[in-house]
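# Structure at a glance
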Amino acid sequence: MTNILLTGGAGYIGSHTYVALVAAGYRPIILDDYSNSHPGVLARLEEITGKPVLHVRGSVADVGLVSALVDEHKVQAVIHFAGFKAVGESVAEPLKYFDNNITGMLRLMQAMDQANCRALVFSSSATVYGDPASVPITEAFPLRHTSPYGYSKIVCEEMIAAMLAAKPAWRAGVLRYFNPVGAHPSGLIGESPQGVPNNLMPYVAQVATGKRAQLNIWGADYPTPDGTGVRDYIHVMDLAEGHVAALDALLKTESSFTVNLGTGQGHSVLEVVRAFSLACGHAVPYEICARRPGDIAQCYADPALAQRLLGWRAQRTLADMCVDTWRWQSRNPEGYS
Ligand code: WQD
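Since this is a predicted model, take the numbers as computed values, not measurements. The written sequence of each chain sets the order in which its residues are numbered from 1. Note on the predicted model: pLDDT of at least 70 is required for a residue's local features to be given, and 80 or more for side-chain atom pairs to be given and counted; whole-chain, interface and lining totals, by contrast, use all residues. Based on all heavy atoms of the structure, the side-chain values leave hydrogens and waters out of the count.

## Thoughts on the environment of T209
Stated formally: Helix and strand definitions here come from DSSP, where helices need a minimum of 4 consecutive H or I residues and strands a minimum of 2 consecutive E residues; each element is numbered from the N-terminal end. Under the scheme applied here, a residue whose accessible area is under 20% of the maximum for its type counts as buried, over 50% as exposed, and between as partly exposed, the area being computed with a 1.4 Å probe on protein chains only. Here a residue-residue contact requires only that any non-hydrogen atoms of the pair lie within 4.5 Å. Any N or O atom pair separated by 3.5 Å or less is treated as a polar contact, with the protein-specific requirement of one donor-capable and one acceptor-capable atom, and with residues adjacent in sequence counted only for side-chain atom pairs.
Of note, T209 is situated in the loop between α7 (200-208) and β8 (215-218). Taking relative accessible area as the criterion, T209 reaches 30% and is therefore assigned partly exposed. In the structure, T209 is positioned 83 residues away from R292 in sequence and 24 Å away in space, judged by C-alpha atoms. In this view, T209 contacts W326, Q329 and S330; residues no more than four positions away in its chain are not counted. Within the structure, T209 has its side chain in polar contact with the backbone oxygen of Q206 (distance 3.0 Å).

## Points about the pairing of strand β1 (residues 3-7)
Note on strand geometry: in a regular strand, side chains alternate between the two faces of the sheet. Under the convention used in this document: Two strands make a pair as long as DSSP finds a minimum of two bridges between them.
Summarising burial for β1: five of the five residues are buried, a large majority. Across five bridges, β1 lies against strand β2 (residues 27-32) in parallel orientation. When the sheet's bridge partners are listed, L5 is paired in β2 with I29. Two strands pair when backbone bridges link them, and β1 and strand β4 (residues 77-80) are joined in this way by four bridges, in the parallel orientation. Bridge assignment links T7 to a residue of β4, and that residue is H80.

## Looking at helix α6 (residues 148-166)
Keep this limit in mind: Multiplying 1.5 Å by the helix residue count minus one yields the expected span of that helix.
Spanning 19 residues, α6 covers 27 Å between terminal C-alpha atoms, matching the ideal 27 Å at 1.5 Å per step. Buried-residue contacts for α6 involve α4 (87-92), α5 (94-114), β5 (119-125) and β6 (171-177).

## Section: the packing of aromatic side chains
To describe a pair of aromatic rings, you give the distance between the ring centres and the angle between the ring planes. Short version of the rule: Two rings from Phe, Tyr or Trp (for Trp, the six-membered ring) form a pair when their centres are within 6.5 Å of each other. A pair whose planes differ by under 30 degrees is stacked, one over 60 is edge-to-face, and the rest are tilted. As a reminder, the over-ring test applies to NZ of lysine and CZ of arginine, requiring each to be within 6 Å of the ring centre and within 35 degrees of the ring normal.
Under the counting rule described, the total for this entry stands at six aromatic pairs. Note on F84 and Y97: the rings are 5.6 Å apart at their centroids and 55° apart in plane angle, and the pair reads as tilted. In this pair, F84 is assigned in the loop between β4 and α4 and Y97 in helix α5, connecting sequence segments 13 residues apart. We note that F84, like Y97, is buried. Summarising the aromatic geometry, the rings of F98 and Y151 are spaced 5.6 Å apart at their centres and angled 65° between planes, so their arrangement reads as edge-to-face. Separated by 53 residues along the polypeptide, F98 in helix α5 and Y151 in helix α6 bring together distant segments of the chain. By relative accessible area, Y151 is classed as partly exposed at 34%. Ring pairing ties together the aromatic residues F84, Y97 and Y149, which thus form one cluster. Over the aromatic face of F84 sits the side chain of K96, whose NZ or CZ is 4.8 Å from the ring centroid.

## Things to note about the pattern of salt bridges
Stated formally: For salt bridges, the criterion is a side-chain nitrogen of Lys or Arg within 4 Å of an Asp or Glu carboxyl oxygen.
Within this structure, the stated rule accounts for twelve salt bridges. We note a salt bridge from R316 to D238, for which the minimum N-O separation is 2.6 Å. Of this pair, R316 sits in the loop between α10 (304-310) and α11 (318-331) while D238 sits in helix α8 (residues 236-253), and the two are 78 residues apart along the sequence. Overall, the relative accessible area of 0% leaves D238 in the buried class. Here R327 and D324 are joined by a salt bridge, their closest N and O atoms 2.9 Å apart. Here D324 and R327 lie together in helix α11, a separation of three residues that amounts to about one turn. Among the residues examined, R327 registers a relative accessible area of 22% and is labelled partly exposed. Of the residues examined, D324 reaches a relative accessible area of 10% and is grouped as buried. Salt bridges sharing common partners tie together D113, R118 and K167.

## A look at the sheet that holds strand β9 (residues 230-231)
Taken together, three strands build an open sheet; the order of strands is β12-β9-β14 and the sheet is mixed. Both edges of this open sheet fall to β12 (267-268) and β14 (298-299), since each of them pairs with a single strand only.

## Side note on the UniProt feature "domain: NAD(P)-binding" (unreviewed entry) in the chain
The line we're drawing: UniProt positions are given in the numbering used here, feature names are shortened, and annotations may be inferred rather than shown by experiment.
UniProt records the feature "domain: NAD(P)-binding" (unreviewed entry) at residues 5-324, using the numbering of this structure. For residues 5-324, helix accounts for 41% and strand for 18%, while the C-alpha atoms at its two ends are 27 Å apart.

## Notes on the site of the ligand
Rule in force here: Summary of the distance rule: residues count as near a molecule or strand when at least one heavy atom falls within 4 Å of that molecule or strand. Accessible surface is estimated by sampling points in the Shrake-Rupley manner with a 1.4 Å probe; for residues, cover comes only from the protein chains shown. By the convention adopted, Pro, Cys, Tyr, Trp, Phe, Met, Ile, Leu, Val and Ala count as nonpolar, Lys, Arg, Asp and Glu as charged, and the other residues, Gly among them, as polar.
In the neighbourhood of the ligand, 19 residues make up the surrounding shell, with Y149, L200, R231, R292 and D295 lying closest. Against a free-state accessible area of 680 Å², the protein chains account for coverage of 90% of the ligand. Counting residues per element, the shell around the ligand draws most heavily on β8, at four residues. Tallied by class, the residues present in the shell around the ligand amount to eight nonpolar, seven polar and four charged.

## Quick notes on the sheet that holds β5
Just so we agree on the cut-off: Helix axes use the C-alpha atoms of the stretch in contact, all axes being lines fitted to C-alpha atoms, and the angles between their N-to-C directions lie in the range 0 to 180 degrees.
Spatially, the seven strands line up as an open sheet ordered β3-β2-β1-β4-β5-β6-β11, and their pairing is parallel. Strand pairing shows two members of the sheet lacking a second neighbour, β3 (54-57) and β11 (257-261), which therefore form its edges. Each strand of the sheet is rotated relative to its neighbour by a mean of 20°, with strand direction disregarded. As defined by bridge partners, β4 adjoins β5 across three bridges and the pair is classed as parallel.

Okay, here's the thing in structure tokens:
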């Protein structure tokens, strides 16, 4: 059995990847401090997989704990999800982001090297591209940060690159997520943001259940087909399967790579609202408001490299994303209890 450590594995992407890993025959172990996730997800994961969940409460920055876990479970690779990811919050609290995201990565790599585990999959983000000069975006595009959050992701990618250059025994798969949305089709796990959602899909879902009065659409004067922002929304189960494909490649070929995980198709805010209205069976009230500072007009991936290197391509549609989100949100209006 191939044991894989998931840092931040109780989170939104981590928990869905956990399910995909078990289905692929891996044995994932969750390490989470629950600073941005909920232990209630663990029982749901047992229900979905039909197997007990191996989980440890703790920080990725605890070098002693991580190296002991790697030793005890003979961990073959680590998937590093643990990190904060709210752009606006990172502007208000940059040191919190540098500490959690950058120091966390440093301590993790120190622990892995101590324990002779040198295969790493890293959860990066399309935010590293900043405001691209054109779309679709390939991995060769320049990196430019537009927030402390984006900066922390670029620094982590550069730390990995330095490690790969210094220690050939290391190998890494850097995955640049576009906009993860959706939920596992069982309706048992999904996105459960703390407080007011920053992101579009969870906010729309909370409007659809009546928890929020209306959606504020941040700007309808962008140079896009209908004036609202265009993004590459990718179903979280496609993203989870992308992690399995990356892990397979890393363990079988011992090569390193950096790939976009997106669908290659952009959808506007109004398209998402229309698709969600069809999924939930009623209108989603909204109001056009001023642009949100820092937002860009368009961002969507060229997914060709991931398909070529990993044999992976997103399969699920925007309708699937909305139907699965609605099932999760309507059955769990307060998230995990
Ligand atoms: C999508 C579109 C908004 C909310 C961010 C991070 C990125 C990644 C995903 C971590 C935009 C519009 C949104 C709302 C709206 N996170 N919108 N009303 O900003 O593309 O990406 O989250 O990796 O790194 O930058 O996602 O969902 O916030 O916005 O009109 O209440 O929806 O203007 O056009 P974004 P988002």
